[in-house]
Amino acid sequence: MSKFSQKKTVVISRDGAEALSYHKFKLVVVEGPEEGREYLVDRDAVAVGSSPGNDLVIRDETVSRQHFEILVTEEGHIIRDLGSTNGTDVEGCRIREAFLHPGARIGAGEVVLVFQPLRERVEIPLSAHNAFGRMMGRSTKMRALFHLAERVAARDATVLVTGETGTGKGLLAEEIHAHSPRAEADLVVVDCSTIPAHLMESELFGHVKGAFTGAVADRPGAFVEADGGTIFFDEIGELPAPLQPKLLRVLEKRAVKAVGTTETVQVDVRILAATNRDLRAEVEAGRFREDLYFRLSVFELGVPPLRERREDIPFLAREFLMEFTRDPDRRFSEDAMRLLGRHDWPGNVRELHNVIERVAHLVDEPVIDRPSMLSTSLSDLGLPTSGSIGRGNLPFNKAKEMAEKEYLHDLLRRHRYNVSAAARTAQIHRQSLHRLLRKHDIKASEID
């Protein structure tokens with residue numbers, strides 16, 4: 001067996017700074033249409049499948065669009081099936097998740113690859129801190145992210161933040177602005193998922209009086225409002241196709257032209273953007289301009305989902321409990337903490353934050369244990385509630401919708417119907433909160 005078989009991902013100290021160190025590896029195709037092809041991997045997470053959005057694309061009809069992923073952990077390299085149609089096997093055994101040893105044969109449909117660690121190592125610097133502003137995490141993944149964020153924030157470069165819903169992309173963007181030389185200037189947020197397509201151009205570039213029906217006065221637009229500061233495009237993947245070339249021109253020239261005029265105005269803005277979509281796949285599918293993607297992703301920071309950094313769950317749970325109770329004696333029992341650690345958290349940190357908030361308000365005992373958590377009807381955990389009629393009797397989507405609506409009502413009541421304050425507590429933008437209120441038909445009269 002190769003001498004690399006016992007090599008693990010370790011944290012090393014160099015010149016007083018810590019770094020995450022691991023071996024690069026190759027995946028060599030030994031069976032299938034691409035036999036003989038080699039894929040060099042020098043990152044700590046790689047997704048493999050037939051879809052163009054994967055890190056490694058294997059074009060074979062027996063390989064699923066998202067087939068499997070390989071993650072570098074402190075215990076070694078883990079392979080995880082991503083719900084593929086034909087399954088993933090290691091050494092002929094069907095797996096959901098397994099550790100890889102040097103020379104391991106990986107089967108994906110009719111394609112077989114061999115895992116080969118290399119001598120060359122990758123070192124990823126880690127931040128010395130467990131937080132970047134309000135964003136927290138002790139895991140190596142988060143400390144690696146904080147190190148990049150600390151360096152990028154000090155520069156004026158464009159940053160694209162990627163990650164699943166609820167991971168904290170918007171919070172990271174806000175902290176990058178807060179740690180930048182532009183911190184004293186405005187951060188203007190444009191939520192591309194909530195602005196109607198026909199109003200987007202006016203929202204971005206402004207308009208003059210009479211430019212269209214309803215334009216009763218001049219409006220500066222987001223770029224002019226952000227002049228000297230930062231503009232943040234949340235959910236940039238939702239930007240309508242007709243606006244993409246216009247945005248690209250503004251990013252290149254740093255000049256905007258309001259709707260209804262031929263005059264241009266120079267602007268000095270930093271660009272931040274975030275998306276939960278795979279923009280590379282969107283480019284391949286023709287839904288997002290490639291040149292705009294490259295213009296936005298000068299630096300790309302990926303926020304890992306909570307299920308990939310479970311070691312952060314106890315830390316975050318304690319921090320959130322203190323945030324809501326201000327009582328250092330309140331704590332979770334070991335049983336309750338194990339319960340939190342077993343959940344996959346599809347809503348990520350936002351879901352954990354909401355669950356801890358609900359528990360903090362509904363459980364009075366100083367030690368929050370498993371029975372107490374069950375009694376709070378935590379449908380987000382997929383557990384049955386106490387009582388004869390619980391959300392466990394409902395379809396998951398319906399239960400989740402009910403929980404979300406209940407949360408919104410409670411959130412607004414506790415903030416005396418101040419939407420801005422409620423949005424800050426929920427760690428979402430005010431426009432996003434308004435969108436959720438419309439989704440659940442919570443009328444303006446209920447919140448004004």
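Ranked by size, the top nonpolar core spans 31 residues in total, and within it Val-190, Phe-223, Ile-231, Phe-233 and Ile-236 carry the most contacts. When contributions to this core are tallied by element, the ones reaching two or more residues are strand E16 (187-191), helix H3 (197-205), helix H4 (222-225), strand E17 (230-234), helix H5 (244-253), strand E20 (270-275), helix H6 (279-284) and helix H7 (290-296). Broken down by element, this core gets its largest block of residues, 4 residues, from H5. When residues no more than four places from it in sequence are discounted, the contact partners of Phe-233 are Val-190, Cys-192, Leu-204, Phe-223, Leu-247, Ile-271, Leu-272, Ala-273 and Ala-274. Of all hydrophobic cores here, the second largest spans 23 residues; its members include Tyr-39, Val-41, Phe-68 and Phe-115.

What follows deals with the pattern of salt bridges. Side-chain pairs of opposite charge can arise whenever the charged atoms involved come near each other. Overall, the coordinates contain 27 salt bridges when judged by the stated rule. Across the pair Asp-55 and Arg-280 runs a salt bridge whose closest N-O atoms are separated by 3.4 Å. Placement of Asp-55 in the loop between strand E4 (45-49) and strand E5 (56-57) and of Arg-280 in helix H6 is noted, with a sequence separation of 225 residues between them. Judged by relative accessible area, which is 25%, Asp-55 ranks as partly exposed. Overlapping salt bridges, with partners in common, bring together Arg-43, Asp-55, Asp-278 and Arg-280 in one network.

Moving on to the side chain of Lys-141. As for its position among the elements, Lys-141 is in helix H1 (residues 140-153). Exposure remark for Lys-141: the relative accessible area of 18% places this residue in the buried category. In this view, Lys-141 contacts Asp-44, Pro-304 and Glu-308; residues no more than four positions away in its chain are not counted.

With that settled, the discussion passes to the packing of helix H8 (residues 313-325) against helix H9 (residues 334-342). Contact geometry for H8 and H9: axes closest at 10 Å, N-to-C directions at 115 degrees. Here H8 and H9 pass one another in a crossing that is right-handed. Contacts between H8 and H9 involve Ile-313, Pro-314, Ala-317 and Arg-318 from the former and Met-337, Leu-340 and Gly-341 from the latter. The residue inventory of the contact of H8 with H9, partitioned by class, reads 5 nonpolar, 1 polar and 1 charged.

Along a regular strand, successive side chains alternate from one face of the sheet to the other. Most of E17 is tucked away, with 5 of its 5 residues classed as buried. The two faces of E17 match: Thr-230, Phe-232 and Asp-234 on one face and Ile-231 and Phe-233 on the other face are all buried. Bridge count for E17 against E20 is 4 bridges, and the pairing is parallel. For Ile-231, the partnering residue across the bridge sits in E20 and is Ile-271.

In this model, the protein chain carries an average pLDDT of 85, and 85% of its residues clear a pLDDT of 70 or more. The low-confidence segment residues 1-8, where pLDDT is below 50, has 14 contacts with residues more than four positions distant or belonging to other chains. Contacts for the low-pLDDT stretch residues 444-448, under 50 throughout, to residues beyond four places or in other chains number 9 contacts.

What counts as what
Residues numbered from 1 in each chain as written. Predicted model: local features only at pLDDT ≥ 70, side-chain atom pairs only at ≥ 80, totals over all residues. Heavy atoms only, no water. Core = buried A, V, L, I, M, F, W, Y, C linked by side-chain atoms within 4.5 Å. Buried < 20%, exposed > 50% of the residue type's maximum accessible area, 1.4 Å probe, protein only. Helix = DSSP H or I, 4+ residues; strand = E, 2+ residues; numbered from the N terminus. Contact = heavy atoms within 4.5 Å. Salt bridge = Lys/Arg side-chain N within 4 Å of Asp/Glu carboxyl O. Axes fitted to C-alpha atoms, helices over the stretch in contact; angles between N-to-C directions. Left-handed = near helix turned anticlockwise from the far one by under 90°. Nonpolar A, V, L, I, M, F, W, Y, C, P; charged D, E, K, R; others polar. Pairing = 2+ DSSP bridges. pLDDT = per-residue confidence, 0-100.

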